[in-house]
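Per-entry structural report
As a plain string of letters, each chain reads:
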Amino acid sequence: MPSSAAPEPTHVQVNYRKYDGTLHWNLRMRRLGEDEHGVWLGLPADSVMRKGHNPEVPLPEAHVILFPRDAWWTAVFNAAPRSTEIYCDITTPPRWPSPAEVTMVDLDLDVLRKRGAAAPILVDEDEFAEHQVRYGYPAEVIAAAEAAARWLMAAVADGTGPFDGSHRRWLAMVDGVQA
């Protein structure tokens, strides 16, 4: 018997926003699937994204983004030769206003690991401090962002959760990527 549920869209609009609601990084990505870690979207090499409504920014390498369920972060896994292998944005938990759109608020802090490096690094602490004042982040948002950054630093360093290589099968699904 055919299912009455509508099929999931093949593409998803990804909208990172700032705390005041302004559009930040945004792009359209292909829906790859879901696993225990969350929803995976991907883009082949030579794609583009935008910062706000500015001109397109080229993305020479393929990448996938993980949108976890109920976590205060998203994670980008870049194909070689991009020097940053993993780039995690500390965000509010991703929301899905529709199956064709995911949105979250970028809270400035980022955890990244350079290709070949053993340890991740935490960046943009100055921007996080500045935006706490500018946007008036509530105490619970600050605490959740800081907790997410601590968790990500440990998980990326230890290779736990989705940082255990789980991204490789999703990255292989993006055209032109070697697993």
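In this convention, every chain numbers its residues from 1, walking through the sequence in written order. For a predicted model such as this one, the threshold for reporting local features is a pLDDT of at least 70, and the threshold for listing and counting side-chain atom pairs is 80 or more; totals across whole chains, interfaces and linings nevertheless cover every residue. Excluding hydrogens and water, the side-chain values take into account all heavy atoms of the structure.

Helix and strand assignments come from DSSP, with helices taken as H or I runs of at least 4 residues and strands as E runs of at least 2, each series counted from the N terminus. Topologically, His24 is positioned in strand S2 (residues 23-35). Any residue under 20% of the maximum accessible area for its type is buried, any over 50% is exposed, and the rest in between are partly exposed; the area is computed with a 1.4 Å probe on protein chains only. Looking at His24, the relative accessible area reads 11%, which means it is buried. Not counting chain neighbours up to four residues away, the residues in contact with His24 comprise Tyr16, Arg17, Lys18, Arg50, Lys51, Gly52 and Asp106. A contact between two residues is defined here by any heavy atoms of the two lying within 4.5 Å.

The next thing to look at is helix H1 (residues 125-135). Listing the buried residues of H1 in full gives Phe128, His131 and Tyr135. The buried side chains of H1 occupy one side of the element, clustering within an arc of 70 degrees when seen end-on. Among the exposed residues of H1, those oriented more than 90 degrees off its buried face are Asp126 and Val133. Buried positions along H1 lie against strand S10 (101-114) and helix H2 (139-158). In the segment just after H1, Gly136 is the residue with positive phi, at about 65 degrees. Working definition: the arc comes from the directions between the helix axis and the C-beta atoms, pointing outward to the latter.

Turning to its location among the elements, Gly21 is positioned in the loop between strand S1 (11-17) and S2. Residue Gly21 is classed as partly exposed on the basis of its relative accessible area of 35%. Taking the C-alpha atoms as reference, Gly21 lies 27 Å from His37; in sequence the two are 16 residues apart.

The criterion is simple. A nonpolar core is a set of buried Ala, Val, Leu, Ile, Met, Phe, Trp, Tyr and Cys residues joined through side-chain atoms within 4.5 Å. Counting residues in each nonpolar core, the largest one holds 32 residues, and the members touching the most others are Val64, Trp73, Phe77, Cys88, Ile90 and Phe163. Where this core is concerned, the elements lending two or more residues are strand S6 (63-67), strand S7 (73-78), strand S8 (84-91), S10, H1, H2 and helix H3 (167-173). Residue contributions to this core peak at eight residues, all from H2. Once residues within four sequence positions are removed from consideration, Ile90 is found in contact with Trp72, Trp73, Val105, Asp106, Leu107, Asp108, Leu109, Asp110, Ala145, Ala148, Ala149 and Leu152. Among the nonpolar cores identified, the runner-up in size contains 15 residues, and Val12, Val14, Leu43 and Leu59 belong to it.

Two rings from Phe, Tyr or Trp (for Trp, the six-membered ring) form a pair when their centres sit within 6.5 Å of each other. Planes less than 30 degrees apart are called stacked, planes more than 60 degrees apart edge-to-face, and all others tilted. For the structure on display, the rule yields ten aromatic pairs. Measuring from centroid to centroid gives 6.4 Å for Trp151 and Phe163, while their planes differ by 55 degrees, and the two rings are tilted. Of the two residues, Trp151 is situated in helix H2 and Phe163 in the loop between H2 and H3; the sequence distance between them amounts to twelve residues. Accessibility expressed as a relative area gives 40% for Trp151, which makes it partly exposed. On the basis of relative accessible area, Phe163 is assigned to the buried category, the value being 6%. Aromatic ring contacts, followed pair by pair, group Trp40, Trp73, Phe77, Trp151, Phe163 and Trp170 into a single cluster. The aromatic ring of Tyr135 is capped on one face by Arg134, whose charged end is 5.8 Å from the ring centroid. Consider the ring centre and the ring normal. A charge sits over the ring if Lys NZ or Arg CZ is within 6 Å of that centre and within 35 degrees of that normal.

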